[in-house]
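What the coordinates show
Listed below are the residues making up each chain.
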Amino acid sequence: MKGVLLSGGTGSRLRPITHTGPKQLVPVANKPVLEYAVEDLKEAGITEIGVILGHKGREEIQDLLGDGSDYGVEITYIVQGNPLGLAHAAGCAKDFVGDDDFVMYLGDNILKEGVVDLVESFESGDFGAGIALQEVENPQQFGIADVDDQGNVTQLIEKPDEPPTNLALIGMYVFSPAVFDAIEQLEPSWRGELEITDAIQSLLEDGYAIDSHVVEGWWKDTGKPEDILEANQLVLEDKSLKKRGTVSDDATVDGRIELAESATIEDGAVVRGPVSIADGAVIKSGTYVGPYTSVGPNSTLEGVHIENSVVIGESSINTSGRIVDSLLGKGANIGSADDFLPEGRRLVVGENSQLKL
Amino acid sequence: MHIITHACTQCGTVVSANELESNRVMKCPGLGCENVLRFTDLDQADQEHFLDNKASYEL
């Protein structure tokens, strides 16, 4: 079994954060989303991973993952170029995959339970493909699978008016090499892409059994800022957090805190977990860091009250204001305008930024 | 769709035909690889297929 990790895409819904980097490297609980995927594949015993690269962020992704040795895996890079759809991405991996089965994992997704059960379910029978499903409350808005009593998929329907089930496809797949013949027969859809659901439907019509695995734990597509915040909450809620940094005697720390070795919480600061604070970060006097916040490396917070937010890193936040439900890009600096006249906020805001003042 | 790729003979990095065609000549994007990749590294039949159907390989 091999892994194919999709790391292309423009990340347009995460602008301006993705103006300067790929969406797969946005950190959740101070770890790039893509690393969760590599670790999930490794946990499932998959150590040969093909990483699909698009036009954006190739070098940053290669800088992070390298040859895979830091993660105990072996990585081959596959340059897709134009984003012509998930089935095109899978097709580009044909030479890498060879005659093996493979897991296809979307690199901006996080899955609580990983892919071990999905792989085991696929390997328990003779399937052309296996798909991960999750129960949703609004099946009309998803690609929906109809399954029989044994869990075999009988039909895939895109955003049905009258859904036969509430089981939505969540973008995790296992394929046999038969999928490459199915992809070869595909034509681009109305949006100009080779659709992976069309490839699975083609396998079904050619008589292949398609396995399904219903994911019980949470799953997040981290394509939008609010998704990053929610994923950050979910990971901080579940993650084992270790306090290795320095907490001054007169600082107040409650709940579960991940404090990196060179991070510091100074006297007069209040931190209430679950929180993750990365290396080189300093939480100064008068600062409150509330639940579900991740403070990235080399950031300094002074005087601010911040909660349910992600500070990606290299930031200086020195203000008495309150920041909630926010995603702050690398190097974003926030100061105080209290002593300035005329009164008012001073902003230097990049293209596609979103502010609520 | 016939998906055409080329694997670098030195490092195994795979590059799609649309990427090779748009660059014509490119340094292999593999980590630390100094190999030079060309659209003409593809089989003649694959080159012709790609050029005859170029529109379908674009957005």
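What counts, and where the lines are drawn
- Residues numbered from 1 in each chain as written.
- Chains lettered and ligands numbered in written order.
- Predicted model: local features only at pLDDT ≥ 70, side-chain atom pairs only at ≥ 80, totals over all residues.
- Helix = DSSP H or I, 4+ residues; strand = E, 2+ residues; numbered from the N terminus.
- Rg over C-alpha atoms; globule rule 2.2 N^0.38 Å.
- Buried ≥ 20, exposed ≤ 12 C-beta atoms within 10 Å, placed from the backbone.
- Contact = placed C-beta atoms within 7 Å.
- Domains from an automatic or database assignment.
- Nonpolar A, V, L, I, M, F, W, Y, C, P; charged D, E, K, R; others polar.
- UniProt positions renumbered as here; feature names shortened; annotations may be inferred.
- Pairing = 2+ DSSP bridges.

Observations concerning the overall build of chain A
Regarding its fold elements, chain A presents 8 helices and 29 strands. Relative to the compact-globule value of 21 Å for 357 residues, chain A shows a C-alpha radius of gyration of 22 Å, a close match. Structurally, chain A occupies a C-alpha span of about 70 × 40 × 40 Å along its principal axes. Within chain A, the fraction of its 357 residues that count as buried is 46%. Within chain A, counting contacts between residues at least 6 apart in sequence, those at least 24 apart form 54% of the total.

Remarks on the domain arrangement of chain A
In many reports, interface size means the accessible area that the parts give up when they come together. All names here are of chain A. Under the domain assignment used here, chain A contains domain 1 (2–235) and domain 2 (240–334). Computed over C-alpha atoms only, the centres of domain 1 and domain 2 are separated by 33 Å. Listed as interface residues are 10 residues of domain 1 and, on the opposing side, 11 residues of domain 2. No other element matches the 5 residues that helix α8 (residues 225–238) contributes to the side of domain 1 that touches domain 2. Class assignment for the residues of the side of domain 1 that touches domain 2 results in 7 nonpolar, 3 polar and no charged.

Quick word on the UniProt feature "domain: Mannose-1-phosphate guanyltransferase C-terminal" (unreviewed entry) in chain A
Residues annotated in UniProt with the feature "domain: Mannose-1-phosphate guanyltransferase C-terminal" (unreviewed entry) correspond here to residues 272–336 of chain A. In this annotation, residues 272–336 of chain A is assigned 0% helix and 45% strand; the end-to-end C-alpha distance for the span is 24 Å.

Observations regarding the environment of A89 of chain A
Residues and elements named next belong to chain A. Summarising the element assignment, A89 is placed in helix α3 (residues 86–92). Each C-alpha atom of the pair A89 and K239 lies 32 Å from the other, and the pair is 150 residues apart in sequence. Discounting residues that sit within four places of it in the chain, A89 has contacts with L6, G8, I52 and Q80.

Quick look at the UniProt feature "domain: Nucleotidyl transferase" (unreviewed entry) in chain A
Per the UniProt record, "domain: Nucleotidyl transferase" (unreviewed entry) is found at residues 2–236 of chain A. For residues 2–236 of chain A, the helix share is 29%, the strand share is 28%, and the end-to-end C-alpha distance is 29 Å.

Notes on the sheet that holds strand β16 (residues 257–259) of chain A
Residue and element names in this part refer to chain A. If you trace the 5 strands from one edge of the open sheet to the other, you get β16-β19-β22-β25-β28, paired in parallel fashion. Unpaired on one side and paired on the other, β16 and β28 (327–328) mark the two borders of the sheet. Bridge count between strand β22 (residues 293–295) and strand β25 (residues 310–311): 2 bridges; the pairing is parallel. Following the sheet pairing, V295 is matched in β25 by V311.

Comments concerning the pairing of strand β10 (residues 153–158) of chain A
Residue and element names in this part refer to chain A. Note that strand β9 (residues 143–147) and β10 share 5 bridges and pair antiparallel. By the bridge assignment for β10, G143 is matched with E158. In this antiparallel pair of consecutive strands, β9 and β10, the connection spans 5 residues, and G151 shows a positive phi of 85°.

Some remarks on the sheet that holds strand β20 (residues 282–283) of chain A
Residue and element names in this part refer to chain A. Overall, parallel pairing links the 6 strands, which are arranged β14-β17-β20-β23-β26-β29 in an open sheet. One side of each edge strand has no neighbouring strand; the edge strands of this open sheet are β14 (246–247) and β29 (333–334). When strand β23 (residues 300–302) meets strand β26 (residues 316–318), the two strands line up parallel, connected through 3 bridges. Within β26, the residue paired with E302 across the bridge is N318.

Some points on the environment of L5 of chain A
Residue and element names in this part refer to chain A. Position of L5 relative to the elements: it lies in strand β1 (residues 2–7). Residue classification places L5 among the buried positions, given that 28 C-beta atoms sit within 10 Å. The spatial distance from the C-alpha of L5 to the C-alpha of E314 is 28 Å, given a sequence separation of 309 residues. If we skip the residues at most four places from it in the chain, L5 touches A37, V38, I49, V51, I52, Y105 and G107.

Here's the deal with helix α7 (residues 196–205) of chain A
All names here are of chain A. The complete set of buried residues in α7 reads I196, D198, A199, I200, S202 and L203. Check the buried side of α7 and you find it contacts α3, β8 (129–135), β10, β11 (167–175), α6 (178–184) and β12 (210–214). Positioned one or two residues after α7, G207 has a phi angle of 95°, which is positive.

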